[in-house]
Amino acid sequence: MRDVIIIGAGGGGPIVAKELAAQGLDVLMLEAGARNKTPETNWKHFENDANNPLSGYLRFGPSDRSKPSWYREVTQPAMISNLSGVGGTTQHYFGNSPRAMPGVFKGYQGDDAQDYDRDFEFPFSYEELTPYYEWVEATLPVQTAAMGTSEQVFFNGCENIGMSVQVTKDTFQDGYRAQQNAVLQPSGNAGRTTNKSDLTYPLAKGCTFCGHCTQGCYEPLNAPRNLKARRSTDNSYVPMALTADLWAVQGKAVTLVADAYVTQIHTQQINGKTTATGVSWRDVNTGEIMTENAKVVVMAGGCIENPRLWLNSGLPNSHDWVGRGLTDHAFDFVCGIFPFNTDSSKGVGSSARADFPGKGCIEPSSLGPAGLASNLMMSDSGIRGMYDNGRGVFGEWDGPSGRLIGNEFKNFMSDVNKTMGMLIITDDDVEANNRVEPSSLMSDEHGAVPKMTIHKRTRSQRTLDNREFLANKAASILRAAGASEVLRIDIVPLLLHLQSSMRMGDDPQNSVINANGEAHEVAGLFVADNSALSNALGGPNPTLTTQALATRTSEKIMVQYFSGTPWVNSNEPMSSIDDAITQAVLARGL
Ligand SMILES: Cc1cc2nc3c(=O)[nH]c(=O)nc-3n(C[C@H](O)[C@H](O)[C@H](O)COP(=O)(O)OP(=O)(O)OC[C@H]3O[C@@H](n4cnc5c(N)ncnc54)[C@H](O)[C@@H]3O)c2cc1C
């Protein structure tokens, strides 16, 4: 019998694992995908080899790449960018770590309070979460992004349209700024050369500016795992969790089992309440089924898999809210072509941002050629200049929106370093109809597969208005920065920021977990990943807030089930790049 079982080792699960292991609990973390112990030898910078959603080494599927990826039913054109494996989808992420907009929390008093989705606010205040933000920012750590030419071009555009620079981490008004990101600042040779032999640790430390974040970060070469530049959880919280006995006074190392797909959460009636007692999982390689009991079970399988697992396990769903209220930041993609070099393929690719409280955010977002080509292809408005699905967006754009083809596409792709793509990250309303549910058509070896419904064409008017506002703003910034042409893709639902499918709230009629992160209807069952978020955060990238919330939930678990005392307000956090962690990582050969 374990103290705690955590399902999923992605953006959220390892935070709870590390925090509770540091308090001395016996923690088992189960991950459906692979654990990649030697990324330097197994990963490459080739985009298709890494990112192909069907066969890439970063995909949602088993570690054996000769086997198919795990299927999801999608009810309309959409692109799901979601990974299995230790680190989960953070193996892809850019590490952008802004805090949520204060306006999405309970008790917000700003003049713009009504600009947010007030029906689905967080059940506590922004100030309450702030110490947990600070704790995670120190642990990862989060730093001000290293920047280059493309960020300068973006800032010029923002300044030229009269925006002001934002100098705090808290977003109360429109502004542009450097990203706060979970990527180590370059030092030594890093960022100064492209000569590989000079970019080896310890000659180079931090981000080497290779520009290949989405293929998984394994640079600088030879750096201990906890000193790889990008702070995906496989490089930060997981090494801490696996060595907690070596660096925390009363710590106990987490047991991590990869290739372990949880298919059932077990419950019993205890004191008249449905109570979680353990889980069963399937060994993905052998098919063997294993069962283990625990006092507390934490779901951290992400927004798609958590509702599937809950409903396939037959857990109570009295108000039919499990899997509902999924938000996805209603992205769009707006691109500029420049008569000068933007160097957009270099560096982290998204080191600057502009925020618009009540509406959302804009990020310059550089991708490798394949990633860029794929973004230019995924339009909901048909083919630019040929047909428009009734959605063609005219006006201040250079022609209709839509997918690029032919010479226009070739021209655009001929030099990615003369382009700048901007991701439109819209604050979108929680809506019951946007949901994940088990498919009635398809099952695999882990039960009925998840069916995703994203009602793009019936999003709330506020969400649609936000998207238009931000897309137009991005066009103004690009033009003011010197773009000679500006294109809008009207991208299909691009599901890489997923939130709130098991949302936190006070009212069980429209939420799954309470303000402590525990299920309203199942005692001892907690949720600690993006699905726990109450809403779309006002637009900011979600992972930092998930991790702050998971830290808070860890304290609640410790106090409620293990007679512990909270630690965030009384202790100093240990950074994942501290020498003590490096020594522990080397001692354990991680
Ligand atoms: C290209 C890209 C760029 C991004 N950039 C950013 C960024 O800059 N900033 C930001 O904040 N966010 C970014 N994101 C989003 C970020 O990756 C997610 O917010 C984050 O990973 C979500 O964490 P999670 O724990 O909810 O889910 P995941 O990270 O997806 O982790 C869930 C894990 O649970 C496992 N799992 C699922 N079901 C089971 C089961 N039944 N049994 C066992 N294991 C299971 C999965 O295999 C997976 O490893 C980006 C995403 C993409 C695709």
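Computed from a prediction, not measured in an experiment: that's the story for all the values here.

A. How the structure looks around helix 5 (residues 149-160). Here helix 5 is 12 residues long and its end C-alpha atoms lie 17 Å apart, about the 16 Å a rise of 1.5 Å per residue gives. The set of residues buried in helix 5 consists of Ser 150, Glu 151, Val 153, Phe 154, Phe 155, Gly 157 and Cys 158. Residues of helix 5 that are buried sit in contact with strand 6 (175-178), strand 15 (352-356), strand 16 (360-364), strand 17 (419-426) and helix 11 (461-481). Gly 162 sits one or two positions beyond helix 5 and adopts a positive phi of about 90°.

B. The packing of aromatic side chains, seen in detail. With the rule as written, the count across this model stands at 15 aromatic pairs. Centre to centre, the rings of Phe 105 and Phe 124 are 6.2 Å apart; their planes meet at 45°, and the pair counts as tilted. Of this pair, Phe 105 sits in the loop between strand 4 (79-80) and helix 4 (126-139) while Phe 124 sits in the loop between strand 4 and helix 4; the two residues are 19 residues apart in sequence, bridging distant segments of the chain. For Phe 105, a relative accessible area of 0% puts it in the buried group. Pairing Phe 155 with Tyr 176 gives two aromatic rings, centres 5.4 Å apart and planes at 40°, and the pair type is tilted. Taken together, the residues Phe 155 in helix 5 and Tyr 176 in strand 6 connect sequence positions 21 residues apart. Through a chain of ring-to-ring contacts, the aromatic side chains of Phe 105, Phe 122, Phe 124, Tyr 126 and Tyr 133 assemble into a single cluster.

C. The arrangement of the packing of helix 1 (residues 13-22) against helix 12 (residues 543-562) in detail. In the contact formed by helix 1 and helix 12, the axes pass within 9 Å of each other and the chain directions differ by 40°. What the angle tells us is that helix 1 and helix 12 run oblique. Here helix 1 and helix 12 pass one another in a crossing that is right-handed. Counting all contacts with helix 1, which are made through Ile 15, Val 16, Glu 19 and Leu 20, the residues of helix 12 involved are Gln 547, Ala 550, Thr 551, Ser 554, Ile 557 and Met 558. Here the contact of helix 1 with helix 12 is composed, by residue class, of six nonpolar, three polar and one charged.

D. Main features of the site of the ligand. For the ligand, the set of nearby residues contains 37 residues, the closest of which are Glu 31, Thr 89, Asn 96, Asn 530 and Thr 543. The separation between an oxygen atom of the ligand and a polar side-chain atom of Glu 31 is 2.7 Å. A distance of 3.3 Å is found between an oxygen atom of the ligand and a backbone nitrogen or oxygen belonging to Gly 95. Alone, the ligand offers 1000 Å² of accessible surface; in the complex the protein occludes 96% of this. When contributions to the shell around the ligand are tallied by element, the ones reaching two or more residues are strand 11 (260-270) and helix 8 (302-312).

E. Layout of unusual backbone geometry. In the segment running from Leu 140 into Pro 141, the intervening peptide bond is cis, with an omega of -10°. Mapped onto the elements, Pro 141 comes out in the loop between helix 4 and strand 5 (143-144). Cis geometry is adopted by the peptide bond preceding Pro 220, which originates at Glu 219 and carries an omega value of -5°. As for its position among the elements, Pro 220 is in the loop between strand 9 (204-205) and helix 6 (237-242). Phi is positive for Asn 222, close to 75°, though the residue is something other than glycine. Relative to the helices and strands, Asn 222 is located in the loop between strand 9 and helix 6. Of the residues examined, Asn 222 reaches a relative accessible area of 52% and is grouped as exposed. Although it is not a glycine, Asp 320 adopts a positive phi angle of roughly 50°. When you line up the elements, Asp 320 lands in the loop between helix 8 and strand 14 (332-337). Overall, Asp 320 belongs to the partly exposed group, its relative accessible area being 34%.

F. Quick peek at the pattern of salt bridges. Per the stated rule, a full pass over the model turns up 36 salt bridges. The shortest N-O distance in the salt bridge between Asp 49 and Arg 65 comes to 2.8 Å. Of this pair, Asp 49 sits in helix 3 (residues 47-51) while Arg 65 sits in the loop between helix 3 and strand 3 (73-74), and the two are 16 residues apart along the sequence. On the accessibility criterion, Arg 65 (36% relative accessible area) is partly exposed. With its nearest N and O atoms 2.9 Å apart, the salt bridge here joins Asp 320 to Arg 324. What emerges from the salt-bridge pattern is a single network uniting Asp 332, Asp 380, Arg 391, Arg 467, Glu 468, Arg 488 and Asp 490.

G. Structural context of the environment of Asn 36. Topologically, Asn 36 is positioned in the loop between strand 2 (27-30) and helix 2 (39-42). Along the backbone, Asn 36 and Asp 398 are 362 residues apart, and their C-alpha atoms lie at a distance of 45 Å. Excluding residues that lie within four positions of it along the chain, Asn 36 makes contacts with Asn 42, Trp 43 and Arg 225. Only 3.2 Å separates the side chain of Asn 36 from the backbone nitrogen of Thr 38, close enough to count as a polar contact. For Asn 36, the side chain forms a polar contact with the side chain of Asn 42, separated by 3.2 Å.

H. Main features of the nonpolar core. In this structure, Trp 310 and Leu 525 are the most contacted members of the largest nonpolar core, which totals 119 residues. Here the element with the most residues in this core is helix 12; it accounts for eight residues. Among all residues touching Leu 525, those that are not within four sequence positions of it are Ile 265, Ala 276, Val 297, Met 299, Trp 310, Leu 315, Gly 517, Glu 518 and Ala 519. Residues Ile 424, Leu 470, Leu 478 and Val 486 belong to the second largest nonpolar core, which totals 25 residues.

Here is what the cut-offs are and how they apply
By convention here, each chain's residues receive numbers from 1 onward along its written sequence. Note on the predicted model: pLDDT of at least 70 is required for a residue's local features to be given, and 80 or more for side-chain atom pairs to be given and counted; whole-chain, interface and lining totals, by contrast, use all residues. Computation of side-chain values: all heavy atoms of the structure, hydrogens and water removed. Secondary structure follows DSSP: runs of H or I at least 4 residues long count as helices, runs of E at least 2 residues long count as strands, and numbering of each begins at the N terminus. One less than the number of residues in a helix, times 1.5 Å, gives the span that helix is expected to have. Exposure classes here rest on a 1.4 Å probe applied to the protein chains alone. A residue is buried below 20% of its type maximum, exposed above 50%, and partly exposed in between. Note on contacts: a residue pair is in contact if any heavy atoms of the two residues lie within 4.5 Å. Side-chain rings of Phe, Tyr and Trp, where Trp is taken by its six-membered ring, are said to pair if the distance between their centres is within 6.5 Å; with planes under 30 degrees apart they count as stacked, over 60 as edge-to-face, and otherwise as tilted. Lines fitted to C-alpha atoms define the axes here, with helix axes fitted over just the stretch in contact, and angles between the N-to-C directions of these axes take values from 0 to 180 degrees. Roughly parallel covers angles under 35 degrees, roughly antiparallel covers those over 145, roughly perpendicular covers 65 to 115, and oblique covers all other angles. If you view the pair so one helix is near and one far, a crossing is left-handed when the near helix is turned anticlockwise from the far one by less than a right angle, and right-handed when it is turned clockwise. Charged means Asp, Glu, Lys or Arg here, nonpolar means Ala, Val, Leu, Ile, Met, Phe, Trp, Tyr, Cys or Pro, and polar covers whatever is left, Gly included. Throughout this document, a residue counts as near a molecule or strand when at least one of its heavy atoms sits within 4 Å of that molecule or strand. N or O atoms closer than or at 3.5 Å make up a polar contact, with two conditions inside protein: a donor-capable atom paired with an acceptor-capable one, and, for residues adjacent in sequence, both atoms drawn from side chains. We get accessible surface area from the Shrake-Rupley algorithm with a probe of 1.4 Å; when it comes to residues, only the shown protein chains can shield them. In what follows, salt bridge is the name for a side-chain nitrogen of Lys or Arg lying within 4 Å of a carboxyl oxygen of Asp or Glu. The nonpolar core is taken to be a set of buried Ala, Val, Leu, Ile, Met, Phe, Trp, Tyr and Cys residues, with the residues joined through side-chain atoms within 4.5 Å.

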